[in-house]
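Examination of the molecular architecture
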Amino acid sequence: MTIKHQDSQPDSNLSIPAENKRAEDKRADRSFDAIADHFEKKVYGGLKGEIRLAVLRRDIFEYSSQMSEALGRPLRILDVGAGLAQIAIELAAQGHSVVINDISANMLEKAKASAEKADKKLDITWYVCPYQTLEETLGKEENDKFDLILSHALLEWLAEPAAVMDFFDQYLTDDGALSLCFYNPASFDYRNLIMGNFNLLDNTDYKADNKKSLTPNHPVAKEEVESWLKAHDYQTVRSSGLRVFHDYAPLKRGGHNDPDAVIRMELRYSQLEPYKWLGRYLHILAKR
C-alpha cells in the first residue's frame, strides 16, 4: 500500500482562507476531524450504514466491473472527500488503483486502519487536504486522469458545491464515470412531516448544530445536481435512493425487525419510481 500525506492546516476545518473564519455567516467546507469517532458510530454503526453501503456496492461494483472489462485493465479511481472510504477500499481489494482524499486526517487514519486489514497488498495513495489543492499533487496530464471518481456525502458540506464539477471535468477521462451520493433535502421535510415536527418546518431560520450534527444545513436538491450534470455534459447511467423507507418507520414491526429483510427491500425499492426519490440520500452514477 502506498501512503502519501499532504497535510491540511492544523486544527482547521476549512479549505478557504483563514480570514474568512471571522465572518459568522460565511459558509465553509466542513471537516469531521473533531468528531471522527462520532461520525463512524452514527453513520456506520448500525443498519443505516449497512443499507447505505449495500446500495452503493450494487450500483458501483456492477458498473466498475463492466468498465474494467471493456477497457481490459484495472480502473484508476479517485475518491474525493472519502471519509471512511469503505467503497474505495473494496474497489482497491478488487485490484483497481485508488487515490483516496479527505480534508480530515482523523477520518483517513480510520480508513487506513481498515485498509490494513486486507489480506492482500492494495494499490492506494492517500492525500489529506482540501480537494481544491489536490491538483498540486495529482498532475494535469492525460495519464493523470481517472476512469471513475467517487464523491459521496461531499456536496452538502461544501461552501461552493457547484464548483466541484469543474474539478471532476478536469480529472475524469473522456469516457469516465462519476458517482455522486448526496443528502436529499426532500427527505428532511418528509420525515419531519411524518414525525409531526411542524414547528420545525415552519421555522425558516432553523439550523442544525453542526458541531456534532450530521444533518447538513445547505443540502443540494436533486434537480440542482441534475442541472449541473446536464450543463457539464454528463448522462445519468443509473440513480438510486438510499434508505427509502427505513428512516420513516417510527414503529418497528414485522419485517422491520429483520435487518436482512430490510436491506433486501431497500435494495428492491431503491431504483423504483417514485420510492427512490424518498431516499435520505440519493446516488447518481453518470458518464461523460
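That block above? That's the structure.
Report follows, based on the coordinates. (Residues numbered from 1 in each chain as written. Predicted model: local features only at pLDDT ≥ 70, side-chain atom pairs only at ≥ 80, totals over all residues. Heavy atoms only, no water.)

1. Brief notes about the overall build of the chain
- A count of helical and extended segments in the chain gives 10 helices and 7 strands.
- Per-residue burial for the chain yields a buried fraction of 49% across its 288 residues.
- The contacts in the chain between residues at least 6 apart in sequence include a share of 79% that link residues at least 24 apart.
- For the chain, the exposed area adds up to about 14,400 Å²; of that, 47% sits on carbon and sulfur atoms. (Helix = DSSP H or I, 4+ residues; strand = E, 2+ residues; numbered from the N terminus. Buried < 20%, exposed > 50% of the residue type's maximum accessible area, 1.4 Å probe, protein only. Contact = heavy atoms within 4.5 Å. Areas by Shrake-Rupley, 256 points an atom, 1.4 Å probe, with all protein chains shown as cover.)

2. Quick look at the packing of helix α2 (residues 47-71) against helix α10 (residues 259-269)
- Interaxial distance between α2 and α10 falls to 10 Å at its minimum, and their mutual angle equals 40 degrees. The orientation of α2 with respect to α10, classified from their angle, is oblique. For α2 against α10, the interelement crossing comes out right-handed. For the pair α2 and α10, contact is made by L47, E50, I51, A54, V55 and R58 and by P259, V262, I263, E266 and L267, respectively.
- Classifying every residue of the contact of α2 with α10 by side-chain character gives 8 nonpolar, no polar and 3 charged. (Axes fitted to C-alpha atoms, helices over the stretch in contact; angles between N-to-C directions. Parallel < 35°, antiparallel > 145°, perpendicular 65-115°, else oblique. Left-handed = near helix turned anticlockwise from the far one by under 90°. Nonpolar A, V, L, I, M, F, W, Y, C, P; charged D, E, K, R; others polar.)

3. A few points about the pairing of strand β7 (residues 281-287)
- A large share of β7 lies buried, amounting to 6 of its 7 residues.
- The pairing of strand β5 (residues 172-183) with β7 spans 7 bridges and is antiparallel. By the bridge assignment for β7, S179 is matched with L285.
- Here strand β6 (residues 235-242) runs beside β7; their pairing, made up of 7 bridges, is antiparallel. When the bridges of β7 are listed, S240 appears paired with H283. (Pairing = 2+ DSSP bridges.)

4. Things to note about α2
- Its 25 residues give α2 an end-to-end C-alpha distance of 36 Å, which sits within 8% of 36 Å, the value for a rise of 1.5 Å per residue.
- G72 lies just past α2 and shows a positive phi near 75 degrees. (Expected span 1.5 Å × (residues − 1).)

5. Some thoughts on the sheet that holds strand β2 (residues 97-102)
- Pairing within the open sheet is mixed, and its 7 strands lie in the order β3-β2-β1-β4-β5-β7-β6. For this open sheet the edge positions go to β3 (124-128) and β6, each flanked by a neighbour on one side alone. Here the average twist between neighbouring strands, direction ignored, is 15 degrees.
- Seen against the sheet, helix α4 (residues 105-115) touches β2 and β3 and runs at an angle of roughly 165 degrees to β3.

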